[in-house]
Structure formats: structure tokens, C-alpha cells
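Reading the structure
Now for the letters of each chain:
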Amino acid sequence: SYIEGYIQDIFRWHRGDTHFTLNYGIRFAHWDFNKETLLSPRASLAIVPASNQNITYRVATGVYYQAPFYKELRDTVTTSGVTVVTLNKNIKSQKSIHFIAALDYRFSMRERPFKFTAEAYYKALSDLIPYNVQNVKITYYGQNLCSGYAAGLDLKLFGEFVPVTDSWLTFSVMRTQQKMNGQWVPLPTDQRYALNLHFT
């Protein structure tokens, strides 16, 4: 059985015309399969300064877990052409510690609302379950063998070029690697640059 629950709260206050919003909570999970109990605290703080009410500064941190799926549980060994599959009951959830700093800027252009967002992040990864991708086939190692990180910057311009219709332009830079057998190698999800446009 898998049991999960969470507690969350929001606390708001101000100093003069500077407004603060603190969102914090903790998530709990327990899985009988590997006898793993997880506690995942997280918090985010948003600040709207008195000097410019159209700007919001945001910082956030938290501990996140991803429980393994069936394909990640499988420990596959092939000997002399014979493949044996067992489920690894000692496997752990993959862990990620997030650190995020962001800026939101709201403005008007031709009397229509727009928002520019910049977000920098770093994620420390541990207990990773590595996998290989060959065309459309994904093969998991079935064990927690690696640690790693993901770091990047996301820029987004969001607005209404046509009234009541959303458009956005995003540009992202990311690097993500894992340490395996003492060497750093890119994760299969490593995508250095990404540009996306949705225009109406």
C-alpha cells in the first residue's frame, strides 16, 4: 500500500507598502513495498516591493521525491542470452533539493496586459535510477546508482496580442548531469537551449 498526505499554509503580511506572501508546507508518504517513509518540506516567499507594485520577487526551496515506477523497479540481468527480471525491493525514491530565484514584471503594451518572468534554478539530485534511450526503447538499470544536478534559466514573455487570447515566448537554458562510475555524463533529458513560441 502507498499512503500520502500533506499540510500547507499561506501567511501574508506587509511592512509599509511592501507585501510578503509565504507559502509553506510538508508532504508525507509511506510505501510498504520498500518500507520507505518520506518527508518533503517546501516553502516559497513572494515579495512585492513598495518601490514598484508591478514587480514580484520570488524565492523557493524544497525537498522533492519521485517514487519509482514499475520499469524503474525492474533489475534486468542477461546471461548467455537468458534475461532474468526481478523487482528491486531495496530501491529508493529519487530525491531532488530545489533552489529557485525568480522575478515577475507586469506591464501594459497598447493597453493590453503583459508579464515577463525570469527564473533561475538549481536542483541537487541523488538516488538517481539511470537509464538508456535507444530510439523509442528506454531501459532502466533498476538500482539507485547515481547523483547529479540540473541548473538553468527560464525566460518567458506572456501576454495578449489579441484581447482575451494568450500568447507567449519562452527561452530556456539548462544543463543536467549525473555522476556514474566516477564520471560526469549528461542525463538523457539534457537540453542546453530551448525556444518556444505560441502566438495568436
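No experiment lies behind these values; they were computed from the predicted model shown.

Within the protein chain, the secondary structure is distributed over 1 helix and 14 strands. Against the globule reference of 16 Å for 200 residues, the protein chain gives a C-alpha radius of gyration of 22 Å, more extended than a compact globule. Seen along its three principal axes, the alpha-carbon backbone of the protein chain occupies a region of about 70 × 35 × 35 Å. Per-residue burial for the protein chain yields a buried fraction of 26% across its 200 residues. The long-range share in the protein chain, meaning contacts at least 24 apart out of those at least 6 apart in sequence, stands at 52%. Of the side-chain charges in the protein chain, 21 are positive and 15 negative, and the distance between the mean point of each set is 4 Å.

Strand direction decides the pairing type here: strand 12 (residues 165–180) and strand 13 (residues 183–186), joined by 4 bridges, are antiparallel. Note that in strand 13 the partner of Gln-177 across the bridge is Pro-186.

Another point: the layout of surface pockets. A volume near 480 Å³ is recorded for the largest pocket. Surrounding the largest pocket, 21 residues form its lining, Gln-66, Gln-94, Leu-125, Leu-128 and Leu-187 being those nearest its centre. Mapped by element, the contributors of at least two residues to the lining of the largest pocket are strand 4 (55–66), strand 7 (94–109), strand 8 (112–128) and strand 12. With 4 residues, strand 7 is the single largest residue contributor to the lining of the largest pocket. A class-by-class count of the residues in the lining of the largest pocket yields 11 nonpolar, 7 polar and 3 charged. Reported here for the second largest pocket is a volume of approximately 160 Å³. Forming the boundary of the second largest pocket are Lys-71, Arg-74, Thr-76, Val-85, Gln-134, Lys-137, Ile-138, Thr-139 and Tyr-140. Elements that contribute at least two residues to the lining of the second largest pocket include exactly strand 5 (74–79) and strand 10 (137–140). For the lining of the second largest pocket, the leading source of residues is strand 10, giving 4 residues.

This part covers the packing of aromatic side chains. The tally for this structure, following the rule as stated, stands at 10 aromatic pairs. On the numbers, 5.2 Å between centres and 45° between planes, the contact of Tyr-131 with Tyr-140 is tilted. A network of ring pairs unites the aromatic residues Tyr-2, Trp-31 and Phe-33 as a single cluster. Its end group placed over the ring of Tyr-121, Lys-123 keeps NZ or CZ at 5.3 Å from the ring centre. Between Lys-156 and the ring centre of Trp-168, over which it is positioned, the NZ or CZ distance is 5.4 Å.

As a further point, take a nonpolar patch on the surface. On the surface, Phe-161, Val-162, Leu-169, Phe-171, Tyr-193, Leu-195, Leu-197 and Phe-199 cluster together into a nonpolar patch covering about 860 Å² of accessible area. For the nonpolar patch, the secondary structure elements donating two or more residues are strand 11 (146–162), strand 12 and strand 14 (193–198). Per-element accounting of the nonpolar patch gives the leading share, 3 residues, to strand 14. Topologically, Leu-197 is positioned in strand 14.

Taken as a whole and assessed by the stated rule, the structure comprises 1 cavity of 30 Å³ or more. Put simply, the largest cavity is a space of about 30 Å³. What lines the largest cavity is Tyr-2, Ala-29, His-30, Trp-31, Glu-36, Leu-38, Ala-67 and Ser-93. Those elements that place two or more of their residues in the lining of the largest cavity are strand 2 (18–31) and strand 3 (36–48). In terms of residue count, strand 2 provides more of the lining of the largest cavity than any other element does, 3 residues in total. Taken together, the residues of the lining of the largest cavity break down into 5 nonpolar, 2 polar and 1 charged.

What counts as what
- Residues numbered from 1 in each chain as written.
- Predicted model: local features only at pLDDT ≥ 70, side-chain atom pairs only at ≥ 80, totals over all residues.
- Heavy atoms only, no water.
- Helix = DSSP H or I, 4+ residues; strand = E, 2+ residues; numbered from the N terminus.
- Rg over C-alpha atoms; globule rule 2.2 N^0.38 Å.
- Buried < 20%, exposed > 50% of the residue type's maximum accessible area, 1.4 Å probe, protein only.
- Contact = heavy atoms within 4.5 Å.
- Lys, Arg positive; Asp, Glu negative; His and termini not counted.
- Charge placed at Lys NZ, Arg CZ, Asp CG, Glu CD.
- Pairing = 2+ DSSP bridges.
- 1 Å grid on protein atoms, 1.4 Å probe; cavity = no way out; pocket = protein on both sides within 12 Å on 5 of 7 lines; lining within 4 Å.
- Points joined across faces, edges and corners; volume = space filled by probe spheres on them.
- Nonpolar A, V, L, I, M, F, W, Y, C, P; charged D, E, K, R; others polar.
- Phe/Tyr/Trp six-rings, centres within 6.5 Å; stacked < 30°, edge-to-face > 60°.
- Lys NZ or Arg CZ within 6 Å of the ring centre and 35° of its normal.
- Patch = residues over 30% accessible without salt bridge, like charges linked within 9 Å, V, L, I, M, F, W, Y side chains within 5 Å.
- Areas by Shrake-Rupley, 256 points an atom, 1.4 Å probe, with all protein chains shown as cover.
- Salt bridge = Lys/Arg side-chain N within 4 Å of Asp/Glu carboxyl O.

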